[in-house]
Each structure stands twice: as structure tokens, then as C-alpha cells.
Amino acid sequence: MNKKFVLGIYDDEDVLLEAIENVRAAGTKIYDVFSPYPVHGIDDVLGIKRSRLPIVAFFCGLMGTSFALWMQIWMLGFDWPMIIGGKPHIAIPAFIPVTFELTVLFSAFGMVITFFIVQRLRPSLKVNVFDKRSTDDKFVMAIEVKEGVTDMSALNNLLRTNGAIEVNEKEVIK
């Protein structure tokens, strides 16, 4: 399936932030913005909500803690009880290092896997790069064009009046 985009190319981040506000105020939906480095405040201007990934991290960490404690209590208390150094079979203070490590491991793997699933990231042969200059020194605002709905000349004028140094069209295979 091919999708068509209009790309507004900017050379200053402050102009870009103001352009995003103006384009959104005009009722145009922005597909994405690409920049060579993180731009402070761009999430708020684009209207992107705060990530729920920390919640996933908490529950994955809780699962790691539970698994570590259950595993150690089961192995050392019931499955193969041994008296080591005169300690009781279930010695919680001795379990802290393993519990900490499994908490961090489950949390990290849980966040990475969740991020890949949510963002639909998977190995692919072709990566869609809208404009190669967005990896060097330009900022690119991509707006999806819907056939019969989007007025190309009005969109072109909107981007140019808001500081775009170039306006291009690109067709991407999705």
C-alpha cells in the first residue's frame, strides 16, 4: 500500500515549533516530525501524551521480584532444603541480590519487548527515510495526503507561510 506525504523542511527548531502550532491550529493532522537531535518541548507541541511505558516497567519489575522470591523460597525451602552456615531455609536477606537482579532484568526486557510491539518495530529490509537531511541538519514535518480530501496548494502555502524552506511530496510504501 502506497501512502503519499507532503514534507515541510525547516532549518531552525524554533521556527519548526511555531510552525507545528500553526499547522495544528489550522486543523491539519501532522503524521510525524523528524529532527537530527531531540528538540525540547516538541512532544507537548505535537500533542503527544506521556508514555505508559513506566507502568509496564513497574509491573514487569513486580513480576521479576515475585518470580525471584518464589524461585528462591521454593528451591531452598521446599525442593532441596539445605542448612547453609546455620541459616534458616528461607533467609530473605540472603535473597536480596538475586531478587534485585531479576527485578531489573524483567523490567528491562519487559520495556524493550513492549516498546517493539507498540511501535511495530521488527526486522525489515527497507527503512523509510522521508528526507536524508533530517539525520544531518534539517527538520522535516510529514503530513499524510488523503486523495480527494487534501488541498495540495493550500497545504503547500500553509507550510511555506510558516517558515518551511522547502515543500516536497514523497510516496512511501507502507
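Labelled according to an unreviewed UniProt entry, the protein appears under the name DUF3341 domain-containing protein, originating from Pontibacter populi.

Quick look at the UniProt feature "transmembrane region" (unreviewed entry) in the protein now. Mapped onto the present numbering, the UniProt feature "transmembrane region" (unreviewed entry) falls on residues 55–74 and 94–118. Annotated as 100% helix and 0% strand, the span residues 55–74 places its first and last C-alpha atoms 28 Å apart. For residues 94–118, the helix share is 100%, the strand share is 0%, and the end-to-end C-alpha distance is 37 Å.

Another aspect to go through is a negative patch on the surface. A cluster of acidic residues, Asp-11, Asp-12, Asp-14, Glu-18 and Glu-21, forms a negative patch on the protein surface. Turning to its location among the elements, Asp-14 is positioned in helix H1 (residues 13–25).

The next thing to look at is the sheet that holds strand E1 (residues 2–10). One open sheet accounts for 4 strands, arranged E2-E3-E1-E4; its pairing is antiparallel. Of all the strands in the sheet, just strand E2 (32–34) and strand E4 (166–173) have a single pairing partner and so form its edges. Each adjacent strand pair in this sheet contributes to an overall mean axis angle of 30°, direction not counted. Relative to strand E3 (residues 139–145), E1 runs antiparallel, the two sharing 7 bridges. Counterpart to Leu-7 in the pairing with E3 is Ala-142. Strands E1, E2 and E3 of the sheet are contacted by H1, whose axis makes an angle of about 20° with E3.

Position of Asp-131 relative to the elements: it lies in the loop between helix H4 (92–118) and E3. Among the polar contacts listed, one links the side chain of Asp-131 to the backbone nitrogen of Arg-133, at a separation of 2.9 Å.

This part takes up the nonpolar core. With 22 residues, the main nonpolar core has Tyr-10, Leu-16, Ile-20, Val-33, Ile-42, Met-141 and Leu-159 as its most contacted residues. Among the secondary structure elements, those contributing two or more residues to this core are E1, H1, helix H2 (42–46), E3 and helix H5 (152–161). A per-element tally of this core places H1 first, with 5 residues. Excluding its chain neighbours within four sequence positions, the residues that come into contact with Ile-20 are Ile-30, Val-33, Ile-42, Val-45, Leu-46 and Met-141. Counting 7 residues, the second largest nonpolar core, distinct from the first, contains Phe-5, Phe-130, Val-140 and Ala-142.

In this section: a nonpolar patch on the surface. A cluster of nonpolar side chains, contributed by Phe-67, Trp-70, Trp-74, Met-75, Leu-76, Phe-78, Ile-90 and Ile-92, occupies part of the molecular surface with about 780 Å² of accessible area. Broken down by element, the nonpolar patch gets its largest block of residues, 6 residues, from helix H3 (residues 53–79). Among the secondary structure elements, Phe-67 is positioned in helix H3.

Let us look at the packing of H3 against H4. One way to put it is that H3 packs onto H4 with a least axis distance of 7 Å and a crossing angle of 140°. Two packed elements cross with a definite hand, and for H3 against H4 that hand is right-handed. Residues of the contact of H3 with H4, tallied by class, amount to 18 nonpolar, 9 polar and no charged.

Burial of E3 is extensive: 6 of the 7 residues sit out of reach of the surface. As judged from the 3 bridges shared by E2 and E3, these two strands associate in the antiparallel manner. In the strand pairing of E3, Val-33 is matched with Met-141.

Here we come to the environment of Asn-156. Checked against the element boundaries, Asn-156 lands in helix H5. Each C-alpha atom, one on Asn-156 and one on Asp-11, is 17 Å from the other, the two residues being 145 residues apart in sequence.

A separate point is unusual backbone geometry. The phi dihedral of Arg-120 falls on the positive side, at around 55°, and the residue is not glycine. Residue placement: Arg-120 occurs in the loop between H4 and E3. Arg-120 sits in the exposed class, given a relative accessible area of 66%.

Each value, and the rule that gives it
- Residues numbered from 1 in each chain as written.
- Predicted model: local features only at pLDDT ≥ 70, side-chain atom pairs only at ≥ 80, totals over all residues.
- Heavy atoms only, no water.
- UniProt positions renumbered as here; feature names shortened; annotations may be inferred.
- Helix = DSSP H or I, 4+ residues; strand = E, 2+ residues; numbered from the N terminus.
- Patch = residues over 30% accessible without salt bridge, like charges linked within 9 Å, V, L, I, M, F, W, Y side chains within 5 Å.
- Areas by Shrake-Rupley, 256 points an atom, 1.4 Å probe, with all protein chains shown as cover.
- Salt bridge = Lys/Arg side-chain N within 4 Å of Asp/Glu carboxyl O.
- Lys, Arg positive; Asp, Glu negative; His and termini not counted.
- Charge placed at Lys NZ, Arg CZ, Asp CG, Glu CD.
- Pairing = 2+ DSSP bridges.
- Axes fitted to C-alpha atoms, helices over the stretch in contact; angles between N-to-C directions.
- Contact = heavy atoms within 4.5 Å.
- Polar contact = N/O pair within 3.5 Å; in protein donor to acceptor, adjacent residues only side chain to side chain.
- Core = buried A, V, L, I, M, F, W, Y, C linked by side-chain atoms within 4.5 Å.
- Buried < 20%, exposed > 50% of the residue type's maximum accessible area, 1.4 Å probe, protein only.
- Left-handed = near helix turned anticlockwise from the far one by under 90°.
- Nonpolar A, V, L, I, M, F, W, Y, C, P; charged D, E, K, R; others polar.

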